[in-house]
Amino acid sequence: MDSGHPARMTGAALALGAAALVLLLAGCAGLPPPPPTPAPTAASPAPAPTATPRRAGPPATPTPVPAPAPTAIAGPAIVAGQCVLRIDVADTMEKSMRGLSGQPRIPLDYGMLWLFAREGETGIWMKDMLVPIDIVWMSREHRVLRVDANTPPQPGAPDRELKIYSPPPGAFSVLEIAAGRAAACGMAPGVAVDFVNLPPGPSSR
């Protein structure tokens, strides 16, 4: 009888252990599942570097456009302001005596020039002139000294009654041009003009 008791005890113990295991498994089955491990999030991209604004420099200076070369002047001329006057030089006795006499019209871009070998060498008269003229007296440096503007002709007057226009002090040349052209070309006392392509001679340089 003693030999069966341990067997019963063993069977009871086994039954008790089995029950405990069932309860343990049941308890484990009833536990909530562990929360899922969060997936690693992708790293946010770093913001792109902002371009550093460039400080605007001073505005570029425009390259100056050279002025066009003046049109070549052919033959003797006087340049006064915007006027280019074609010149006939009174370099012979015949030209000097005739001047602009006998011309019914004097072109606006034309004149006759006397160059003096000595200061105040000659005066001007209106012998046989048909139209008024401007008489422009100039210094050795081609600076206007005086303008006798709009000098009238004296038709039919004898030579002894013709008015003589005498040169001012310092005059080394005199120019006859159409009446009104001196003012139109800005030729006033103190203004310098340019002699162009004049033949060598007194006061031509």
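Fair warning: this is a prediction, and the values are worked out from it, not measured in the lab. (Residues numbered from 1 in each chain as written. Predicted model: local features only at pLDDT ≥ 70, side-chain atom pairs only at ≥ 80, totals over all residues. Heavy atoms only, no water.)

A. Here's a closer look at the sheet that holds strand 8 (residues 173–178). The mixed open sheet is built from seven strands, whose spatial order is 6-5-8-3-2-1-9. Strands with a single pairing partner mark the edges of an open sheet, and in this sheet they are strand 6 (144–151) and strand 9 (194–196). Sheet twist, expressed as the average angle between the axes of neighbouring strands with direction ignored, equals 25°. Pairing of strand 1 (residues 77–80) with strand 9, which is carried by three bridges, proceeds in the antiparallel orientation. Pairing of V79 across the sheet is with D194, part of strand 9. (Pairing = 2+ DSSP bridges. Helix = DSSP H or I, 4+ residues; strand = E, 2+ residues; numbered from the N terminus. Axes fitted to C-alpha atoms, helices over the stretch in contact; angles between N-to-C directions.)

B. Geometry of the nonpolar core. In terms of nonpolar packing, the biggest core is built from 19 residues, with L113, M138, L175 and M187 touching the most fellow members. Mapped by element, the contributors of at least two residues to this core are strand 1, strand 2 (83–89), strand 3 (110–115), strand 5 (133–138) and strand 8. The dominant element in this core, judged by the number of residues it contributes, is strand 2, at four residues. Formed by 18 residues, the second largest nonpolar core is a distinct cluster that contains M112, I124, A171 and V174. (Core = buried A, V, L, I, M, F, W, Y, C linked by side-chain atoms within 4.5 Å. Buried < 20%, exposed > 50% of the residue type's maximum accessible area, 1.4 Å probe, protein only.)

C. Spatial organisation of the pairing of strand 2. Alternating residues of strand 2 divide into C83, L85, I87 and V89, all buried, and V84, R86 and D88, none buried. Strand direction decides the pairing type here: strand 1 and strand 2, joined by four bridges, are antiparallel. The residue bridging V79 from the neighbouring strand is V84, located in strand 2. As consecutive antiparallel partners, strand 1 and strand 2 are separated by two residues, and within that stretch G81 has a phi angle of approximately 60°, a positive value. Where strand 2 meets strand 3, four bridges bridge the pair, whose relative direction is parallel. Bridging across to strand 3, R86 finds its partner in Y110.

D. Expanded view of the environment of E121. Checked against the element boundaries, E121 lands in the loop between strand 3 and strand 4 (124–125). The class for E121 is partly exposed, based on a relative accessible area of 36%. Excluding residues that lie within four positions of it along the chain, E121 makes contacts with L115 and F116. From its side chain, E121 meets the backbone nitrogen of A117 in a polar contact 3.2 Å long. (Contact = heavy atoms within 4.5 Å. Polar contact = N/O pair within 3.5 Å; in protein donor to acceptor, adjacent residues only side chain to side chain.)

E. Main features of unusual backbone geometry. In the Ramachandran plot, D128 falls in the positive-phi region, its phi being about 60° despite a non-glycine side chain. Structurally, D128 can be placed in the loop between strand 4 and strand 5. We classify D128 as exposed; its relative accessible area is 53%. The phi dihedral of N150 falls on the positive side, at around 55°, and the residue is not glycine. Summarising the element assignment, N150 is placed in strand 6.

F. A look at the packing of aromatic side chains. Evaluated as defined, the whole model comprises zero aromatic pairs. Sitting over the ring of F172, R140 keeps its end group 4.0 Å from the ring centre. (Phe/Tyr/Trp six-rings, centres within 6.5 Å; stacked < 30°, edge-to-face > 60°. Lys NZ or Arg CZ within 6 Å of the ring centre and 35° of its normal.)

G. Here's a closer look at the layout of surface pockets. Roughly 180 Å³ of volume is contained in the second largest pocket. Around the second largest pocket, the lining is made up of 14 residues, and of these S96, M97, W114, I124 and W125 lie nearest the centre. For the lining of the second largest pocket, the secondary-structure elements that each account for two or more residues are helix 2 (93–98) and strand 4. Top element by residues in the lining of the second largest pocket is helix 2. It accounts for three residues. For the lining of the second largest pocket, the residue count by class is six nonpolar, five polar and three charged. (1 Å grid on protein atoms, 1.4 Å probe; cavity = no way out; pocket = protein on both sides within 12 Å on 5 of 7 lines; lining within 4 Å. Points joined across faces, edges and corners; volume = space filled by probe spheres on them. Nonpolar A, V, L, I, M, F, W, Y, C, P; charged D, E, K, R; others polar.)

H. Focus on the state of the cysteines. Throughout the structure, instances matching the rule amount to one disulfide. A sulfur-sulfur distance of 2.1 Å marks the disulfide that ties C83 to C185. On the sign convention where negative is left-handed, the bridge of C83 and C185, at about -95° about the S-S bond, is left-handed. Of this pair, C83 sits in strand 2 while C185 sits in the loop between helix 3 (181–184) and strand 9, and the two are 102 residues apart along the sequence. The residues C83 and C185 share a single accessibility class, namely buried. (Disulfide = S-S within 2.5 Å.)

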